[in-house]
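Below, each chain spelled out in residue letters.
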Amino acid sequence: MAQYWLISAPIDNTSEENLEKMLHETTKANMSSNFKFPIPDLQVGTLDLLVKLSDELGQLDSHVESVLKKTSQCMCQVMEDSNEKFQENLLANGVDLVTYLTNFQWDMAKYPIKQPLKGLAEIISKQVSQIDGELKSQMEAYNRLKGNLQAAERKAVGNLLTRTLTDIVKKDDFVLDSEYLTTLLVVVPRTQDTTWEKTYESLSELVVPRSTKKITEDSDGGLFTVTLFKKVVADFRVKARENKFIVREFSYDEAELEAEKEEITRFTTEQKQQYGPLLRWLKVNFSEVFVAWIHMKGLRVFVESVLRYGLPVNFQAVLLQPNEKKIKQLREVLASHFSYLDGRGGGKLDVGTIASSPLPSFISCSFDIENILHCLTVGQ
């Protein structure tokens, strides 16, 4: 399970004692694994600013999470759905995501605490938006190249009506550089070989006798050549189609055929050349966005804690990883331990949101990294 609850409670004699009791009880009963989540003393600003920032941070949090998921899934796509290797590359500051979360330390260099809260939000917004734009550009280039390669590969494995003929036809199969004659390629259904050989000379006038030759065949039919005068090509096409023989659109061009042969090799080489730098970019920037996302959680908890508990700033944030089988029990224990914070004698954990209304007795925020940790592909 990859769900986490980030909670905060004020620190005074009563609150601190209740917090320690809660941590001890939930750990002992295996309701959750608990970790201190240190948030430094940030610049508070005015009440009006905090209220306005509370809404803005919610929107920014959603944006950062969406960019994080996009980066994760782009890495999955580039790594060709190798889920095990994919997870090995999902790191934050060089460690796995769980280790980073459970040993969180505020990054003073990236998010200096002397900056106002609005300034910290702007740093995260600018950083993540820039990565989002670069991600779009990088993946468009990669997918364009991948699409070209797939199209070239499809051409090489289709049926005789559609596939490339670069590895099938030879110069000797055609009458070239003739003022009057030309050679056509005709796809004949598998069971119609004998019929073709008996009738092709009579499908139109001016067909060269005994000019047909089978070049290759697949499960659907055979590919035959036939030589005739250029001026009857249109009539021959019509008559051939009436007899279920399909004339392929093809003109022998040695340079073009050679270019087609090299196409797959070239696209494959270019994709390999892009793969390493792109994967490194994705790893670095996934880490950047994940770190920004977790700092965003800390920033939101700080703002909501000040709004809920007031000044001076004095609260403790704790990260809980719930035991999936004991979530209901954990909720009840939390509500019981922090009920004194709510004048009505009972609080509730608002899972999935930051809660700063009078209803919860303490600040709470939940997030899930399950979708980030798994390689989700199109169609799953």
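Student: Lay out the layout of surface pockets with the relevant residues and their values.
Tutor: One number sums up the size of the second largest pocket: a volume of about 150 Å³. If you go around the second largest pocket, the residues you meet are Phe174, Val175, Leu176, Asp177, Thr182, Thr183, Leu184, Val233, Phe250, Ser251 and Tyr252. The leading source of residues in the lining of the second largest pocket is strand S5 (residues 181-189), at three residues.

Student: Can you explain the packing of aromatic side chains? Please cite residues and give values.
Tutor: Here the structure, examined in full by the defined rule, presents 16 aromatic pairs. Taken together, a centroid distance of 5.2 Å and an interplanar angle of 80° make the contact between Trp196 and Phe245 edge-to-face. Pair noted here: Trp196 is in helix H6 (residues 193-199) and Phe245 is in the loop between helix H7 (233-242) and strand S8 (246-248), with a separation of 49 residues, a long-range link. Summarising the burial analysis for this pair, Trp196 and Phe245 share the class buried.

Student: So what's going on with a negative patch on the surface? Residues and values would help.
Tutor: On the surface, Asp253, Glu254, Glu256, Glu258 and Glu262 cluster together into a negatively charged patch. Mapped onto the elements of the fold, Glu262 is located in helix H8 (residues 254-309).

Student: With reference to specific residues and values, describe the pattern of salt bridges.
Tutor: Scanning all chains against the criterion turns up 14 salt bridges. Residue Arg163 is joined to Asp167 by a salt bridge in which the shortest nitrogen-to-oxygen separation is 3.0 Å. We classify Asp167 as exposed; its relative accessible area is 56%. Connected via shared salt-bridge partners are Arg190, Asp193, Lys214 and Glu217.

Student: Summarise the pairing of strand S1 (residues 3-10); cite the residues concerned and give the values.
Tutor: Burial of S1 is extensive: eight of the eight residues sit out of reach of the surface. Across the two faces of S1 the burial is the same, with Gln3, Trp5, Ile7 and Ala9 and Tyr4, Leu6, Ser8 and Pro10 all buried. Sheet analysis places S1 next to strand S10 (residues 363-368), joined by six bridges and oriented antiparallel. Bridge pairing in S10 places Leu6 opposite Cys365.

Student: Give a detailed account of the environment of Gln127, specifying residues and quantitative values.
Tutor: Of note, Gln127 is situated in helix H5 (residues 117-157). In sequence terms Gln127 and Ala292 are 165 residues apart; their C-alpha atoms lie 8.5 Å from each other. Look past the residues within four positions of Gln127 in its chain and what remains in contact with it is Tyr111, Glu288 and Ala292.

Student: Could you give me a rundown of unusual backbone geometry, with the residues and numbers involved?
Tutor: A negative phi angle characterises most non-glycine residues, just as the trans form characterises most peptide bonds. Cis geometry marks the peptide bond from Leu311 to Pro312; its omega dihedral reads -5°. When you line up the elements, Pro312 lands in the loop between H8 and strand S9 (315-322).

Criteria and cut-off values
Residues numbered from 1 in each chain as written. Predicted model: local features only at pLDDT ≥ 70, side-chain atom pairs only at ≥ 80, totals over all residues. Heavy atoms only, no water. 1 Å grid on protein atoms, 1.4 Å probe; cavity = no way out; pocket = protein on both sides within 12 Å on 5 of 7 lines; lining within 4 Å. Points joined across faces, edges and corners; volume = space filled by probe spheres on them. Helix = DSSP H or I, 4+ residues; strand = E, 2+ residues; numbered from the N terminus. Phe/Tyr/Trp six-rings, centres within 6.5 Å; stacked < 30°, edge-to-face > 60°. Buried < 20%, exposed > 50% of the residue type's maximum accessible area, 1.4 Å probe, protein only. Patch = residues over 30% accessible without salt bridge, like charges linked within 9 Å, V, L, I, M, F, W, Y side chains within 5 Å. Areas by Shrake-Rupley, 256 points an atom, 1.4 Å probe, with all protein chains shown as cover. Salt bridge = Lys/Arg side-chain N within 4 Å of Asp/Glu carboxyl O. Lys, Arg positive; Asp, Glu negative; His and termini not counted. Charge placed at Lys NZ, Arg CZ, Asp CG, Glu CD. Pairing = 2+ DSSP bridges. Contact = heavy atoms within 4.5 Å.

Don't take any of this as a statement about function, it's just geometry.
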